[in-house]
Each structure stands twice: as C-alpha cells, then as structure tokens.
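Understanding the architecture of this molecule
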Amino acid sequence: MVTSDGSLGPLESAEQRDAVSLALLVLLERLAPTERAVYVLREAFAYGHREIADVLDLTEANSRQLYRRAAQRLASPQARFTPAPAARAGLVTSFITAAREGDMAGLEKLLAAEVTWTSDGGGKVSAARRPIEGRAKVMRFLVGGMERFAAGLDFTVAEINGGAALLGWAGGGLVGVVAFEVRDGVIAHARAVMNPDKLEFVERRLART
C-alpha cells in the first residue's frame, strides 16, 4: 500500500506506521480474518470497540476479545520509533548505490549483522524460495543479483506501508518493490515483492499520486 498519498490517513505517529508496516502485515497473515480486521481497525485507525463491532457485525465484547487474542499472537518484538522519513529515504538511496557499485564495505555499514532478505514472487516470477540470512550471504546475493538481473533497471524511492521502499522499474513498468525494516540505523530485514498481482495494485496507486 502506497502511504505517501494519504490513503491510510496522515500516519503521524510511530505506532500508526508500525501498525501498517510490511513487517507487521506478514505477521497478520497468522490471524483469522476477523481477528486481523479488528486489530487493524483498532491499531491503524484508532476505532473504538463499539465502532468496530458495528462495522464487522460483532458484539462489543466479542470485538475486545478478538483484539486481545490478536495482540497476544502478535506479541513478538516489533521495530518501533523508526527514523524520520528523510533519514529512511537516505538509507535506501545509499543502499541501492552501494549494491549497484558492488561496494561491499558500504553495504556492510548499512546492513545489520543478522539481516534477513525474503522474496515474494507469488509463484509467477523467479524469486529466492527461502529467506537469506546473515550479512555476508545477503551481500553476496545483492551484488550477484545486481550484476545478473538489475543492471537495466531504474530505481526510485517511495513510501510503502509507512516506510521507505525501493521501487524497480523496467520499460516504464514496476517489476519489484523492496521494503526495509530499520533498527538502530541499519537494515534488519528487507522484503522484496515481485508478485505481479501485488505490483499491479501498487502501480495503480502510484499513478494516482
């Protein structure tokens, strides 16, 4: 979801940005649909339980119960209080510059020691099937991928799900989005989306901004 166009509200607080972050959306897939709806309405949009109950045709007590259950299942640590937008965008720009130039020393400064890279091709395009874990492995993957697949791409930075993301373009079409989870000033997790169905939605939103 493109969030720089105000489609999810101003997202003024760190808590709101965290509530729609790609990292949390991955975790939300663990929830049942109604649990997920209650949690997002409560966390991202600050709906009261009476309002949520009306929207989802629940009782207010049921809404509270579903919210507590969802919060417990999502209790793993989340990256809150992320850097300011300008700092995040600068980090992403430095990342793509270092990756394209094969600057291993530069990448090492930008990546956490336990950084993880995950890919989503939706079964429709080639993507790494398993997470790539550890700074050295991710660096080798990035430099090799840039040489083989990304040499002809154009890159831009946009706000996706409340955080800075890297967008890859070829022939005027969007071919990939990489969303970054930043902790302590370095990249802790990168999630690459190449699924054409998801990219089509993002591209339509970008065309409206």
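Below is a summary of the structure that appears in this document. (Residues numbered from 1 in each chain as written. Predicted model: local features only at pLDDT ≥ 70, side-chain atom pairs only at ≥ 80, totals over all residues. Heavy atoms only, no water.)

Details of the pattern of salt bridges
What counts here: When a carboxyl oxygen of Asp or Glu lies within 4 Å of a side-chain nitrogen of Lys or Arg, that pair is called a salt bridge. Helix numbers and strand numbers start at the N terminus; a helix is a DSSP run of H or I with at least 4 residues, a strand a run of E with at least 2. Relative accessibility decides the category of a residue: with a 1.4 Å probe and only protein chains considered, values under 20% of the type maximum give buried, values over 50% give exposed, and everything between is partly exposed.
As enumerated under the stated definition, the model contains 8 salt bridges in all. For Lys 198, the salt bridge goes to Asp 120, with nearest N and O atoms at 2.5 Å. Remark: Asp 120 occurs in strand β1 (residues 111–120) and Lys 198 occurs in helix α9 (residues 196–207); sequence separation between them is 78 residues. Judged by relative accessible area, Lys 198 falls into the partly exposed class, the value being 42%. Linking Arg 204 and Glu 200 is a salt bridge whose minimum nitrogen-to-oxygen distance equals 3.7 Å. Note that Arg 204 and Glu 200 are positioned in helix α9 at a spacing of 4 residues, about one turn of the helix. The class for Glu 200 is partly exposed, based on a relative accessible area of 45%. Shared partners join several salt bridges into a network, and the residues in it are Arg 50, Glu 60 and Arg 64.

So, helix α5 (residues 60–73)
Using the following cut-off: Given the number of residues in a helix, its expected span is that number minus one, multiplied by 1.5 Å. The directions from the helix axis to the C-beta atoms are what the arc is built from. Working rule for contacts: check all heavy atoms of both residues, and any pair within 4.5 Å makes them a contact.
With 14 residues, α5 extends 20 Å from end C-alpha to end C-alpha; this agrees with the ideal 20 Å at 1.5 Å per step. What α5 keeps buried is the set Ser 63, Leu 66, Tyr 67 and Ala 70. Burial along α5 is one-sided: seen end-on, the buried residues are contained in an arc of 100°. Opposite its buried face, α5 presents the exposed residues Ala 61 and Gln 72, each directed more than 90 degrees away. Contact partners of the buried residues in α5: α3 (33–43) and α4 (49–56).

Notes on the environment of Met 194
Positionally, Met 194 belongs in the loop between β6 (186–193) and α9. When its relative accessible area of 19% is taken as the criterion, Met 194 is described as buried. Each C-alpha atom, one on Met 194 and one on Asp 120, is 5.8 Å from the other, the two residues being 74 residues apart in sequence.

Observations regarding empty space enclosed by the protein
Selection rule: Only protein atoms enter the 1 Å grid used here, on which a cavity is any set of points holding a 1.4 Å probe that cannot leave and a pocket is any open set flanked by protein within 12 Å on both sides along at least five of seven lines; residues with an atom within 4 Å of a point are listed as lining. Grid points are joined across faces, edges and corners, and a volume is the space filled by probe spheres set on the points. Residues are grouped as follows: nonpolar covers Ala, Val, Leu, Ile, Met, Phe, Trp, Tyr, Cys and Pro; charged covers Asp, Glu, Lys and Arg; every other residue, Gly included, is treated as polar.
Taken as a whole, this structure holds 2 cavities of 30 Å³ or more when the rule is applied. Lining the second largest cavity are Arg 88, Leu 91, Val 92, Gly 163, Ala 164, Phe 180 and Val 182. Among the secondary structure elements, those contributing two or more residues to the lining of the second largest cavity are α6 (85–101), β4 (163–170) and β5 (173–183). A total of 3 residues in the lining of the second largest cavity trace back to one element, the largest contributor, which is α6. A breakdown of the residues in the lining of the second largest cavity according to their chemical character gives 5 nonpolar, 1 polar and 1 charged.

A word on the pairing of β1
Rules: The criterion for strand pairing is that DSSP finds at least two bridges linking the strands in question.
Relative to β6, β1 runs parallel, the two sharing 6 bridges. Residue pairing in the sheet places Asp 120 in a bridge with Val 193 of β6. As paired elements, β1 and strand β2 (residues 132–133) share 2 bridges and run antiparallel to each other. Note that in β2 the partner of Thr 116 across the bridge is Glu 133.

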